[in-house]
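Understanding the architecture of this molecule
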Amino acid sequence: MILSDLLGSPVLTSDGESLGVVVDARLALDGPPDGMLSAARLFGLVVSPHSHSSFAGYERTDVDAPALIARFLRWRERGSVLVLWADLASLTGDVVRLRPGATLYSPRLQEQR
């Protein structure tokens, strides 16, 4: 499966309720801290109940300019969640299903120093 095939896919809870659609993916780098020769792995999926497109970087907590665009995109991303790869039960056809007891996290990214 190609990662872009997941974008726009509906996400359902274990009870069959809709959480929204996949709008982005989070990757983690396994390897040296400088990122050289690091292997990327899928960490989780960002799911939005309102939007069908990515947040254009405005999910980072330190991005707030231009203010009008930042305010609009934060409003649009309300209710969005990050679902970890381990919490996915299945990827069948074009639907993503969560396992029972899946934990939903904030999709907001903290500034890295």
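These notes cover the structure that comes with them. Because the structure is predicted, anything quoted here is derived from the model rather than measured.

1. Comments concerning the overall build of the protein chain
Secondary structure summary: the protein chain contains two helices and seven strands in total. The N-to-C order of helical and strand elements in the protein chain reads α-β-β-β-α-β-β-β-β. Looking at the 113 residues of the protein chain, the share that counts as buried comes to 33%. Long-range contacts, defined here as pairs at least 24 residues apart, represent 50% of the contacts in the protein chain between residues at least 6 apart. For the protein chain, the exposed surface amounts to about 7,000 Å²; the carbon and sulfur share of it is 57%.

2. Some remarks on the sheet that holds strand 7 (residues 104-105)
The strand order 5-6-1-2-3-4-7 describes an open sheet built from seven strands, whose pairing is mixed. Of all the strands in the sheet, the pair left with one neighbour each is strand 5 (88-92) and strand 7.

3. So, the pairing of strand 2 (residues 18-30)
Where strand 1 (residues 10-12) lies against strand 2, three bridges are found, and the strand directions are antiparallel. Each residue of the ladder has a partner; that of Leu12, found in strand 2, is Ser18. Connecting strand 1 to the next strand, strand 2, in antiparallel fashion are five residues, including Gly16 with a positive phi near 90°. Inspection of the sheet shows strand 2 paired to strand 3 (residues 39-48) by nine bridges, in the antiparallel sense. Counted as the bridge partner of Asp24 is Val46 from strand 3.

4. So, the pattern of salt bridges
Here the idea is simple: oppositely charged side chains can pair when their charged atoms come close. Overall, the coordinates contain two salt bridges when judged by the stated rule. One salt bridge connects Arg41 with Asp30, and the closest N-O pair in it is separated by 2.8 Å. Taken together, the residues Arg41 in strand 3 and Asp30 in strand 2 connect sequence positions eleven residues apart. Overall, Asp30 belongs to the partly exposed group, its relative accessible area being 36%. A salt bridge links Arg99 to Asp87, with the shortest nitrogen-to-oxygen separation between them at 2.5 Å. Of this pair, Arg99 sits in the loop between strand 6 (95-98) and strand 7 while Asp87 sits in the loop between strand 4 (81-84) and strand 5, placing them twelve residues apart in sequence. Given a relative accessible area of 5%, Asp87 falls into the buried group.

5. As for the nonpolar core
By size, the foremost hydrophobic cluster in this structure holds twelve residues: Leu6, Val11, Leu19, Val22, Ala25, Leu45, Val47, Val81, Val83, Leu88, Val96 and Leu98. Those elements that provide at least two residues to this core are strand 2, strand 3, strand 4 and strand 6. Of all the elements, strand 2 adds the most residues to this core, at three residues. If we skip the residues at most four places from it in the chain, Val11 touches Glu17, Ser18, Leu19, Gly20, Val21, Val22, Val47, Val96 and Leu98.

Cut-offs and rules
- Residues numbered from 1 in each chain as written.
- Predicted model: local features only at pLDDT ≥ 70, side-chain atom pairs only at ≥ 80, totals over all residues.
- Heavy atoms only, no water.
- Helix = DSSP H or I, 4+ residues; strand = E, 2+ residues; numbered from the N terminus.
- Buried < 20%, exposed > 50% of the residue type's maximum accessible area, 1.4 Å probe, protein only.
- Contact = heavy atoms within 4.5 Å.
- Areas by Shrake-Rupley, 256 points an atom, 1.4 Å probe, with all protein chains shown as cover.
- Pairing = 2+ DSSP bridges.
- Salt bridge = Lys/Arg side-chain N within 4 Å of Asp/Glu carboxyl O.
- Core = buried A, V, L, I, M, F, W, Y, C linked by side-chain atoms within 4.5 Å.

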